[in-house]
Amino acid sequence: MTRYKSCMAAIGEVYALDTSPRKRDLMTHEKIRLAAIGDLHCTKSTAGTLRPLFRQAAEAADILLLCGDLTDYGLPDEASILVDELGAARIPIIAVLGN
């Protein structure tokens with residue numbers, strides 16, 4: 001139970017400024033649902049293809065984890081496309097860059 005309380009305290013710090021109903025729900029549930037996606041390798045050609053994936057993840061989870069290799073070459077255009085695609089996920093997102 002101590003680990004759970006520590007996790008909830010950390011989430012509370014991260015979302016202290018968020019007063020949305022979803023945040024209140026997240027802080028009162030005993031379970032937090034995570035969706036983890038890795039190796040997206042987002043490029044110009046993936047524009048418009050990731051939105052359904054992110055939308056589905058947001059419906060099934062409370063937090064979306066992006067686990068490395070988010071773009072192919074780290075180019076600003078690739079990052080911009082990824083940000084646009086992530087607009088479909090209306091939940092908190094935690095990302096780890098690289099591998």
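For clarity, every value in this text was computed on a predicted model and none was experimentally measured. (Residues numbered from 1 in each chain as written. Predicted model: local features only at pLDDT ≥ 70, side-chain atom pairs only at ≥ 80, totals over all residues. Heavy atoms only, no water.)

**Digging into the side chain of D69**
In plain terms, the rule: Going along the chain from the N terminus, every DSSP run of H or I of four or more residues is numbered as a helix, and every run of E of two or more is numbered as a strand. Using a 1.4 Å probe on the protein chains alone, a residue whose accessible area is under 20% of its type maximum counts as buried, one over 50% counts as exposed, and one in between counts as partly exposed. All tallies of charge rest on Lys and Arg as positive and Asp and Glu as negative; His and the ends of each chain are not included. Salt bridges are defined as contacts in which a side-chain nitrogen from Lys or Arg sits within 4 Å of a carboxyl oxygen from Asp or Glu. Contact criterion: two residues are considered in contact whenever any of their non-hydrogen atoms come within 4.5 Å of each other.
Its place among the elements puts D69 in the loop between β2 (63-67) and α4 (76-86). There is no salt bridge for the buried D69, and the closest opposite charge comes from K44, which lies 19 Å off by N-O distance. For D69, the residues in contact, after removing those within four places along its chain, are D39, L40, H41, G98 and N99.

**Topic: α4**
Every α-helix carries 3.6 residues per turn, so stepping three or four residues along brings you back to the same face. The line we're drawing: The directions from the helix axis to the C-beta atoms are what the arc is built from.
Along α4, the residues classified as buried are E78, I81, L82, E85 and L86. Buried positions in α4, seen along its axis, are confined to an arc of 135 degrees and lie on one side of it. Away from its buried face, by an angle of more than 90 degrees, α4 presents the exposed residues P76 and V83. The inward-facing, buried residues of α4 contact α3 (51-60), β2 and β3 (93-96).

**Description of the nonpolar core**
Just so we agree on the cut-off: Residue types Ala, Val, Leu, Ile, Met, Phe, Trp, Tyr and Cys, when buried and joined through side-chain atoms within 4.5 Å, form a set referred to as a nonpolar core.
The biggest cluster of nonpolar side chains holds 18 residues, and the ones touching the most others in it are I37, L40, F54, L64, L66 and L82. For this core, the secondary-structure elements that each account for two or more residues are β1 (34-38), α3, β2 and α4. Discounting residues that sit within four places of it in the chain, L82 has contacts with L40, C42, L50, F54 and L70.

**Topic: the environment of A36**
You can see A36 is positioned in strand β1. Each C-alpha atom, one on A36 and one on C67, is 6.8 Å from the other, the two residues being 31 residues apart in sequence.

**A few points about unusual backbone geometry**
Of note, the phi angle at H41 is positive, near 45 degrees, even though the residue is not glycine. Here H41 is to be found in the loop between β1 and α3. Of note in this structure, D69 is not a glycine but carries a positive phi near 45 degrees. A relative accessible area of 18% places D69 in the buried class.

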